[in-house]
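Coordinate analysis (summary)
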Amino acid sequence: MNLILLRPDELAAAEAGSHRAVLADRRLQHLREVLRARAGDEVGVGVEGGAIGRATVVALDAHAAELQVRLSEPPPPALDVTLALALPRPPTLRKVLQQATALGVKRFALFRAERVERSYFSSHGLHATAIAEDLRLGLEQARDTIVPTVEIHPEHFGRFVRERLPALSEGRSLLVAHPGAPTPCPRAPIGPATLMVGPEGGFIPAEVAALAQVAQAIDLGPRILRVETAVVALLARLSP
Ligand code: SAM
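Residues numbered from 1 in each chain as written. Predicted model: local features only at pLDDT ≥ 70, side-chain atom pairs only at ≥ 80, totals over all residues. Heavy atoms only, no water.

This part takes up the overall build of the chain. If you tally the helices and strands in the chain, you get six helices and 12 strands. Here the chain holds 240 residues, and 42% of them are scored as buried. When the 27 positive and 26 negative side-chain charges of the chain are each reduced to one mean point, those points stand 4 Å apart. (Helix = DSSP H or I, 4+ residues; strand = E, 2+ residues; numbered from the N terminus. Buried < 20%, exposed > 50% of the residue type's maximum accessible area, 1.4 Å probe, protein only. Lys, Arg positive; Asp, Glu negative; His and termini not counted. Charge placed at Lys NZ, Arg CZ, Asp CG, Glu CD.)

Below, the structure is given as structure tokens:
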């Protein structure tokens with residue numbers, strides 16, 4: 001955690017443009033056990049949806065930490081890539097949400113494909129609280145404060161492509177990562193983009209054919225990567 005992420009309602013006005021915040025949850029544990037913070041230490045802070053800055057630990061014990069917070073700069077710029085991901089198994093989803101959030105993705109769309117296990121759509125990992133936790137971990141890692149949105153599209157793949165994908169890709173380049181595609185993934189930002197990543201078992205031929213009508217297929221080279229690795233490699237190539 002490189003930033004203690006505060007909710008706006010946790011900030012109370014204090015002297016000279018600073019704020020006061022009191023923590024008593026896992027952020028307190030992190031301050032004590034990982035950062036080994038003591039009174040007088042400075043830590044990175046940010047407020048959800050707002051600025052980042054520094055905080056002085058005013059007091060800290062086993063029950064609570066009191067911080068004096070000074071917010072001074074905007075969070076890092078977002079990466080204008082919408083990530084449309086065939087819903088992977090829950091542990092993979094957690095990794096992807098955390099890592100792609102850390103890399104600056106602000107919009108996720110989770111869709112169904114033939115090789116997506118149906119039960120994944122009712123897994124605990126898709127509960128709002130579980131998703132919020134993964135997004136928060138990604139933001140804290142990257143010193144960001146802007147919480148991404150996550151849409152879940154359990155409808156049939158064909159319907160998703162016909163009815164949802166146009167809105168997800170309006171005004172944006174639409175790329176689909178597919179091993180063996182003749183076009184290599186760009187190695188630089190290409191402007192606003194929607195990037196589709198397939199399921200662990202890959203897209204079936206009919207899905208590849210449907211996507212070929214609307215998206216540019218791109219390849220990452222001869223190594224077939226796990227979903228979580230492919231996502232990071234793709235986003236890194238499309239980042240400034
Ligand atoms: N056997 C599957 C196939 O050939 O499509 C492997 C699927 S891979 C584990 C899961 C997803 O990661 C793929 O659908 C694709 O979106 C992405 N991916 C993994 N390696 C890739 C590569 N070398 N080039 C492009 N996309 C890749």
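From this point on, the discussion continues.
Another aspect to go through is the site of the ligand. Residues in close proximity to the ligand total 18 residues, the closest being Ala177, Gly198, Leu220, Arg223 and Leu225. Interatomic distance of 2.6 Å between a backbone N/O atom of Ala177 and an oxygen atom of the ligand. Taking Leu225, its main chain carries an N or O atom lying 3.0 Å from a nitrogen atom of the ligand. In isolation the ligand offers 570 Å² of accessible surface; the protein chains occlude 86% of this area. For the shell around the ligand, the per-class residue count stands at 10 nonpolar, five polar and three charged. (Near = heavy atom within 4 Å. Polar contact = N/O pair within 3.5 Å; in protein donor to acceptor, adjacent residues only side chain to side chain. Areas by Shrake-Rupley, 256 points an atom, 1.4 Å probe, with all protein chains shown as cover. Nonpolar A, V, L, I, M, F, W, Y, C, P; charged D, E, K, R; others polar.)

A few words on the sheet that holds strand 5 (residues 52-60). With respect to topology, six strands assemble into an open sheet ordered 1-4-5-6-3-2, the strand pairing being mixed. Where the open sheet ends on each side, the last strands, each with one partner, are strand 1 (4-6) and strand 2 (12-13). Two strands pair when backbone bridges link them, and strand 4 (residues 42-47) and strand 5 are joined in this way by five bridges, in the antiparallel orientation. Within the sheet, the bridge partner assigned to Gly44 lies in strand 5 and is Arg54. Across the face of the sheet, helix 1 (residues 26-34) comes into contact with strand 1, strand 3 (19-23), strand 4, strand 5 and strand 6 (65-73) while running at roughly 155 degrees to strand 1. (Pairing = 2+ DSSP bridges. Contact = heavy atoms within 4.5 Å. Axes fitted to C-alpha atoms, helices over the stretch in contact; angles between N-to-C directions.)

The tally for this structure, following the rule as stated, stands at 18 salt bridges. Among the ionic pairs, Arg54 bridges to Glu42, the shortest N-O distance being 3.3 Å. Placement of Arg54 in strand 5 and of Glu42 in strand 4 is noted, with a sequence separation of 12 residues between them. Owing to a relative accessible area of 38%, Arg54 belongs among the partly exposed residues under this scheme. Across the pair Glu228 and Lys95 runs a salt bridge whose closest N-O atoms are separated by 3.5 Å. Taken together, the residues Glu228 in helix 6 (residues 227-237) and Lys95 in helix 2 (residues 90-102) connect sequence positions 133 residues apart. Each of the salt bridges in this network shares a partner with another, and the network as a whole consists of Arg7, Asp9, Glu10, Asp25 and Arg27. (Salt bridge = Lys/Arg side-chain N within 4 Å of Asp/Glu carboxyl O.)

Let us now look at the domain arrangement of the chain. Domain boundaries assigned for the chain yield domain 1 (4-73) and domain 2 (79-237). Between the C-alpha centres of domain 1 and domain 2 there is a distance of 33 Å. Taken together, the 11 residues of domain 1 in the interface contact 10 residues of domain 2. When domain 1 packs against domain 2, close to 820 Å² is buried across both sides, 48% of that on carbon and sulfur atoms. When residues of domain 1 are sorted by the area they lose upon contact with domain 2, Leu5, Arg26 and Ile52 head the list and together hold 64% of the total. If you look at where domain 1 meets domain 2, you find three salt bridges. Salt-bridge contacts for Arg26 lead to Glu133; the nearest nitrogen and oxygen are separated by 3.5 Å. (Domains from an automatic or database assignment. Buried area = accessible area lost by both parts, 1.4 Å probe.)

Burial within strand 4 is extensive, with five of its six residues counted as buried. Strand direction decides the pairing type here: strand 1 and strand 4, joined by three bridges, are parallel. Across the sheet, Ile4 pairs through a bridge with Val45, a residue of strand 4. From the end of strand 4 to the start of strand 5, which pair antiparallel, there are four residues, and Gly49 there has a positive phi angle of about 80 degrees.

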